[in-house]
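Report on the structure
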Amino acid sequence: MGKSQKQRAMRRHNPMRMESPDAAERKWACVAVSNLIQNDPSTRRLLQGKNIVGALITRLTDNEEEVVVEAMGSLRNLCIDGGFDICAEMYNKSILTCLKTFVPKISSTLEQYLQNPKTAPENAAKLVYEFADNVITTLWCLSETSNKALNAINAIQLVPFLMSFLASREKLPLAPVTAAAQCLYVLTDDNDPAIYEVKNNGEYISCLLSILRNVTPLPMTVAASALDMDQEIALPLLQPVIASTSLQDTSSTVQELATRQANEPEIEKLSLKNTPQSDHRSPIEIELDRLENQFRTVQLALEILTGTCAKLPDPDVAKHDDEKEENEDDIAEDPEDDNTAMEEELDVEMSTDATEKTPNVDTTSLLPALVPALLRLIQPTSLSFPPLASASIHPPTTSALSGIHISALECLNNIFLSLARTPNPSVSSDKAAGSDVWNNIWAALRVVGTEFGLGQERRREFWEVSVGVLWGVGTVWKGSLEPNATQVDLLVQFCNSSADERARVKCIGTLECLAQHPDSIDGNRIIAEYLLSLLPSATPSNAGVEPTIQAVSAIIDIYSDEMMPYDVNFRQGAYLERLVNSIDAVKKMVKAIDRRKPGGRELRVRGEEVRDNLVAFVKYRKNLKF
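Because the structure is a prediction, the values reported are computed rather than measured. (Residues numbered from 1 in each chain as written. Predicted model: local features only at pLDDT ≥ 70, side-chain atom pairs only at ≥ 80, totals over all residues. Heavy atoms only, no water.)

**Describing the packing of aromatic side chains**
Our working definition: Pairing of aromatic rings covers Phe, Tyr and Trp, the last counted by its six-membered ring, and requires centre-to-centre distances within 6.5 Å; plane angles under 30 degrees mean stacked, over 60 mean edge-to-face, and any other angle means tilted. By definition, any uninterrupted DSSP run of H or I lasting at least four residues is a helix, any uninterrupted run of E lasting at least two residues is a strand, and each is numbered from the N terminus. When accessible area is computed with a 1.4 Å probe and restricted to protein chains, residues below 20% of their type maximum are described as buried, those above 50% as exposed, and intermediate ones as partly exposed.
What the rule picks out here adds up to 13 aromatic pairs. Judged by centre distance (5.0 Å) and plane angle (70°), the rings of Phe102 and Phe131 are edge-to-face. Remark: Phe131 occurs in helix 8 (residues 122-143) and Phe102 occurs in helix 7 (residues 95-115); sequence separation between them is 29 residues. Accessibility expressed as a relative area gives 11% for Phe131, which makes it buried. Here Phe570 and Phe617 contribute two aromatic rings whose centre-to-centre distance is 5.9 Å and whose plane-to-plane angle is 80°, an arrangement assigned as edge-to-face. One end of the pair, Phe570, is in helix 29 (residues 567-572); the other, Phe617, is in helix 31 (residues 600-624), and 47 residues separate them in sequence.

In structure tokens:
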């Protein structure tokens, strides 16, 4: 919606008339909010400042049903467009008090409609289905807000309510059924109460498996416990969805449609004075909504795939250990040639890595098809982010596209962290593949830029997830990625400007990997000087505790092999003396970590480990007597 269109809509349906004694004005005020805030951060913040969330929640108890329905629709749109902050505000303003009263009412009404469909007027049924869709989607968004909100939603016991939509899917419109499936997916993601309720109900399992049989061939007598949902269901279904999507082409279509829509004169229909104008959608609006839904489908597929990528199977350790014990017995039988026996043992271990870790190999065999598709989905289009000085030509598409980019990055992040955790020589030896992934990520970052001002929060989020991917890629191909001066400078700048300690840790981890390219002596020196600047000495480090610990660990890792060509920097730069001067400050910093704070226990353990490594490393380097 263009600026002039928004102004006309504002005049026609004033969003601040929600307290009007006229029910029609209250209804159209709710409609106006939905129209005005469509993925437009500036308008949304303006209305937030006028307590629009509180006003809409109040309308959920309105005595006119149409007002309640429109208020619910506006709140649903705010949840999707506004993200965490809006959802947190809704929770704090007790929206769940209203929502949990709607659940039994919706269930009762739907049951009546399903039992006697002919008794339900078509318009009334449509209204209930849309209302159910909005309530479920809002609950879905709220459940991702915080643990406190999730626990409150668990108390509502939504699983039976959601499963009732899936069980009656053939009799209901697609939208509420899809919303119920999405909400169920979120609730059963690392949430024990919901997981337990689904797993321990045979009817629920049967219903879910019957849905799967409609989209993929399953054995008729499959045992749910024996089914690898990620490998056998999720990946085969979702790979085609993301592989066949062209963001560039669809974005061009959206831009063309939005331009035509903005250039078409608005036809104000004749009506009585003070009567709201028709809100029927034009063919262009319908097509834009269809394309937005396509984007949202891709985004949801990526969100599911993110979890799948995080569950790559570990090697078969037990079998490897059995083989190792057998080899040790063989060695004991032939004590005359210890060296030959040791070589044979190493050969067997290498062979075991290649043959027994078949689950890992099978998973990575999917990467040639999966990773290129994900790399295409992270490349920004002209509509992916709001322009720096104006609003997007079509904000819903911009919101969906940025969501796709970030979800695709999260998939890549999980893939490469999994590969870093369980190294696969066939992957790490393919240096061309590593370089290609690395260059694709930086190509996307160059387009995104580093303007992180008001309204550009998604650009910063893109960078925060991207540096995690870069760290994973750098770890998998450590030593083969040559540090580029421009990239190093950008990583340093982002690390210094980020308020998020985890983002700074990722930047430091990425720089650590780049510093270990054997022939890049100048690049190693630049990175090392920056890492050393983060260490505490007489004054505490401004980097934060966790980034400082990561920096200490990085320096130890980089210079653990004194035979590397770049070790000349360690000796000529007097790095050992600088490390010695930081030991007391590091000890003091680690001792000050509060175990009682969230994550404090793990950070303290990590800090103590790095502290001990620092002391041992300094002692080792002193003994070298270079």
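Picking up after the structure, the text goes on.
**Examining the pattern of salt bridges**
Condition: Salt bridges are counted wherever a side-chain nitrogen of Lys or Arg sits within 4 Å of a carboxyl oxygen of Asp or Glu.
One pass over the structure, following the stated rule, counts 18 salt bridges. With its nearest N and O atoms 2.7 Å apart, the salt bridge here joins Asp62 to Arg26. In this pair, Asp62 sits in the loop between helix 4 (52-59) and helix 5 (65-82) while Arg26 sits in helix 2 (residues 23-36), placing the two residues 36 residues apart along the sequence. For Asp62, a relative accessible area of 11% puts it in the buried group.

**Here we look at a negative patch on the surface**
What counts, and what does not: Patch membership needs two things, relative accessible area over 30% and no salt bridge, and members are linked within 9 Å if like-charged or within 5 Å if nonpolar (Val, Leu, Ile, Met, Phe, Trp, Tyr). Each accessible area value is a Shrake-Rupley result obtained with a 1.4 Å probe; residue values ignore everything except the protein chains displayed when judging cover. Charge counting follows a simple rule: Lys and Arg are positive, Asp and Glu are negative, and His as well as the terminal groups are ignored. By convention, the charge on Lys lies at NZ, on Arg at CZ, on Asp at CG and on Glu at CD.
On the surface, Glu144, Asp189, Asp190, Asp192, Glu303 and Glu410 cluster together to form a negatively charged patch. Examined against the element boundaries, Asp190 turns out to sit in the loop between helix 11 (174-187) and helix 12 (192-199).

**Description of the environment of Glu287**
One can find Glu287 in helix 16 (residues 283-309). In this structure Glu287 comes out as partly exposed when scored by relative accessible area, which is 25%. Linking Glu287 and Thr253, residues 34 residues apart in sequence, is a C-alpha distance of 9.9 Å.

**Points about helix 27 (residues 521-533)**
Short version of the rule: In a helix, the anticipated span is given by 1.5 Å times the number of residues less one. Residue contacts follow a heavy-atom distance rule, with two residues in contact if any of their heavy atoms lie within 4.5 Å.
Compared with the 18 Å implied by 1.5 Å per residue over 13 residues, the 18 Å span of helix 27 between its first and last C-alpha is a close match. Of the positions making up helix 27, those classed as buried are Gly523, Asn524, Ile527, Ala528, Tyr530, Leu531 and Leu532. Its buried side turned inward, helix 27 meets helix 25 (485-497), helix 26 (501-514), helix 28 (545-558), helix 29 and helix 30 (575-591).

**What about the confidence of the model for the chain?**
The cut-off we apply is this: As a per-residue measure, pLDDT tells how confident the predictor is, with possible values from 0 to 100.
Taken residue by residue, the chain gives an average pLDDT of 81. The fraction at 70 or more is 80%. Scored below 50 in pLDDT, residues 1-13 shows 20 contacts in the model against residues more than four places distant or in partner chains.

**Focus on unusual backbone geometry**
The phi angle at Ser94 is positive, at roughly 65°, despite the residue not being glycine. As for its position among the elements, Ser94 is in the loop between helix 6 (84-92) and helix 7. Here Ser94 falls in the partly exposed class, since its relative accessible area comes to 40%. In the Ramachandran plot, Asp190 falls in the positive-phi region, its phi being about 60° despite a non-glycine side chain. Taking relative accessible area as the criterion, Asp190 reaches 69% and is therefore assigned exposed.

**Description of helix 23 (residues 431-448)**
Each turn of an α-helix holds 3.6 residues, which means side chains three or four residues apart point in the same direction. Just so we agree on the cut-off: By definition, the arc is the one covered by directions from the helix axis to the C-beta atoms.
Taking 1.5 Å as the rise per residue, helix 23 with 18 residues should run 26 Å; its terminal C-alpha atoms sit 26 Å apart, in good agreement. Among the residues making up helix 23, those that are buried are Gly434, Val437, Trp438, Ile441, Trp442, Ala444, Leu445 and Val448. One side of helix 23 carries all its buried residues, which in axial view fall inside an arc of 155°. Opposite its buried face, helix 23 presents the exposed residues Ala432, Arg446 and Val447, each directed more than 90 degrees away. Where helix 23 terminates, the next one or two residues include Gly449, which has phi positive at roughly 80°.

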